[in-house]
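Descriptive structure summary
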Amino acid sequence: MNSPRFTYRCSLCQRASEAAELTYTCPADGGNLDVLLDYEGLRRQNQALILPEERGLWRYLPLLPVADPGGHETPFREAGGTPVYQLHALAAGLGLRALWLKDESRNPSASFKDRASAVVMARAAEIGAEVVVTASTGNAGAALAGMAAALGRKAVIFAPRAAPPAKIAQLLIFGAQVILVEGSYDDAFDLTIQAAHEFGWYCRNTGYNPFTAEGKKTAAFEIWEWQSRQPPRSPASLQAGAPLSIFIPVGDGNIIAGIHKGFKDLLAVGVIERLPRLFGVQAEGSAAVANAFFSQADRIQPVTAHTIADSISVDLPRDGVRALRAVRETGGCCLTVSDAEILRAIASLGRVGVLAEPAGAAACAGLVKAVEQGLITPEEPVLLLNTGSGLKDVRAVLQAAPEAPVIEPTLEEVQRLLRQ
Ligand SMILES: *Cc1c(COP(=O)(O)O)cnc(C)c1O
Ligand SMILES: [Zn+2]
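Residues numbered from 1 in each chain as written. Chains lettered and ligands numbered in written order. Predicted model: local features only at pLDDT ≥ 70, side-chain atom pairs only at ≥ 80, totals over all residues. Heavy atoms only, no water.

1. A word on the packing of helix H4 (residues 139–151) against helix H5 (residues 165–173)
A pair of packed helices is characterised by two quantities: the angle between their axes and the separation of those axes. The line we're drawing: Interaxial angles span 0 to 180 degrees and are taken between N-to-C directions of axes, which are lines fitted to C-alpha atoms, for helices over the stretch in contact. Secondary structure elements follow DSSP: runs of H or I of four or more residues count as helices, runs of E of two or more count as strands, with numbering from the N terminus. When an angle is under 35 degrees it counts as roughly parallel; over 145 it counts as roughly antiparallel; between 65 and 115 it counts as roughly perpendicular; any other value is oblique. Each crossing is labelled by how the near helix is turned from the far one, with a counterclockwise turn of less than a right angle marking it left-handed and a clockwise turn marking it right-handed. Contacts are assigned to residue pairs with any non-hydrogen atoms lying within 4.5 Å of each other.
Relative orientation of the contacting elements H4 and H5 amounts to 20°, with a least axis distance of 8 Å. With respect to their mutual orientation, H4 and H5 come out roughly parallel. The element H4 and its partner H5 pack so that their crossing is left-handed. Where H4 abuts H5, its residues Asn139, Gly141, Ala142 and Ala145 lie against Lys167, Gln170 and Leu171.

2. Things to note about the sheet that holds strand S8 (residues 177–181)
Put simply, the rule reads: A pair of strands is treated as paired once DSSP finds two or more bridges between them.
What the four strands build is an open sheet, ordered S8-S7-S6-S9; its pairing is parallel. The open sheet has two edge strands with one neighbour each: S8 and strand S9 (202–203). Where strand S6 (residues 131–135) and strand S7 (residues 154–160) come together, five bridges link them in parallel fashion. Within S7, the residue paired with alanine 135 across the bridge is phenylalanine 158. Sitting on the sheet, H4 touches S6 and S7, and the angle it makes with S7 is about 165°.

3. Some details on the site of ligand 1
Put simply, the test is: We define proximity as follows: a residue is near a molecule or strand when any one of its heavy atoms falls within 4 Å of that partner. For this analysis, a polar contact is any N or O atom pair within 3.5 Å, provided that within protein one partner can donate a hydrogen and the other can accept it, and provided that sequence-adjacent residues contribute only side-chain to side-chain pairs. Surface exposure here means Shrake-Rupley accessible area, sampled with a 1.4 Å probe, where a residue is shielded only by the protein chains that are shown. Only protein atoms enter the 1 Å grid, on which a cavity is a set of points fitting a 1.4 Å probe that cannot get out and a pocket is an open set with protein on both sides within 12 Å along at least 5 of 7 lines, lining residues being those with an atom within 4 Å of a point. What decides whether a molecule sits in a cavity or pocket is whether more than half of its atoms lie within 2 Å of the grid points.
In the vicinity of ligand 1 there are 16 residues, among which Lys113, Gly251, Asp252, Gly253 and Thr387 approach most closely. Between ligand 1 and lysine 216, the relevant distance is 3.4 Å, taken from an oxygen atom to a side-chain nitrogen or oxygen of the residue. The backbone of isoleucine 255 places a nitrogen or oxygen atom 2.9 Å from an oxygen atom of ligand 1. For ligand 1, whose accessible area on its own is 380 Å², the fraction buried by protein is 98%. Judged by its atoms lying within 2 Å of the grid points, ligand 1 is housed in the largest cavity.

4. Examining the pairing of S6
So the rule is basically this: Buried, partly exposed and exposed residues are distinguished by accessible area as a fraction of the type maximum, computed with a 1.4 Å probe on protein chains only: under 20%, between the cut-offs, and over 50%, respectively. Place the viewer so that the strands point away; then a crossover is right-handed whenever the path from the first strand over the helix to the second strand goes clockwise.
Burial within S6 is extensive, with five of its five residues counted as buried. Burial of the side chains of S6 extends over both faces: Val131, Val133 and Ala135 are buried on one face and Val132 and Thr134 on the other. The parallel pair S6 and S7 is bridged by H4, and the resulting crossover is right-handed. With two bridges connecting them, S6 and S9 associate as parallel partners. Its bridge partner being in S9, valine 132 is matched across the sheet by tyrosine 202.

The values reported here are purely geometric and, on their own, carry no functional implication.
So, in structure tokens, the structure goes:
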């Protein structure tokens, strides 16, 4: 394998460092590391940025800091490449001219996290790591376990005991070593770092391992390619007047930071001229990034997280500083939504044929609020990111759904019911 060249730069102190095999965060201040590619070289060969024969995120291998790890014709190869739907009825209801949704539930393990786990597994193969470990509220672990299974490698997952059963089922059935922690995601997070250090495992933790954001940035590349294929008169085309506004659920802040990075990479190689606006949506009960945004702070203060949206239930966002920058540097905004608003958004998305888990639906709830507050005007093109499938958390989805009547199996009963 021919490893591509890249360097790290700390997102806090800006100190540059060479890409050593096992580097996670800045040794000086613990800041998240940005991966810097050879942008000059990429600019010069700009026709080779995309591998057109690839379908999923491996299409963008020339823009990734990993070598091609193989794994052809396995789920590993199918991360990314998710569809974009136009939501006509929802747009009309909100008074918007056009609204799209990128459906990340269509990833192999049914969440956005497959993008990160695929690229981390590629890195693990490159550095010869035998065991990869992660802390997870469920999806990151399911994604890592699934990708490891596809490649015949070993994964260890620490998840909170209270994670939704469907996510735990995924972890177990993919054959990972699953360790349930009597505690929060944040407890699992810290324990994972200790265990990785103690046992020599490669740690995938979100907002700790620099490669997760590199995987997540591929969603930005897909959005850019989708925009460049839009007809010129579409409000989402790259030539259109208003920039695209993208609504992204935020827990650790790594998805929004990764998507920001993806668009910045595209800017650096000269294929786009401006960034879309990134809107970070948090649950009211887990709003550390939004709190910092509204108080104009640069540092993140932890909260005690409580929300139905388990995937964005985080006390201390591990990529909060870059998440804040993603919102501020693109002219976006942070929004907070209640659990009731999230449940209503699950129902609204359901009625246009999209089944979202609570965290995914939070993006939609955030858009409703942004329209109410006049942050989005009717002419502006909007894209929602549905980050995970509703099948991941059926209990939550049922809370958003009406109850079905139960009847005796006779036609009279049906007639009686329909007359009501
Ligand atoms: C992880 C996750 C998020 C939040 O991503 P962060 O990087 O933690 O901000 C949102 N939705 C779903 C479904 C997720 O699994
Ligand atoms: Zn630093």
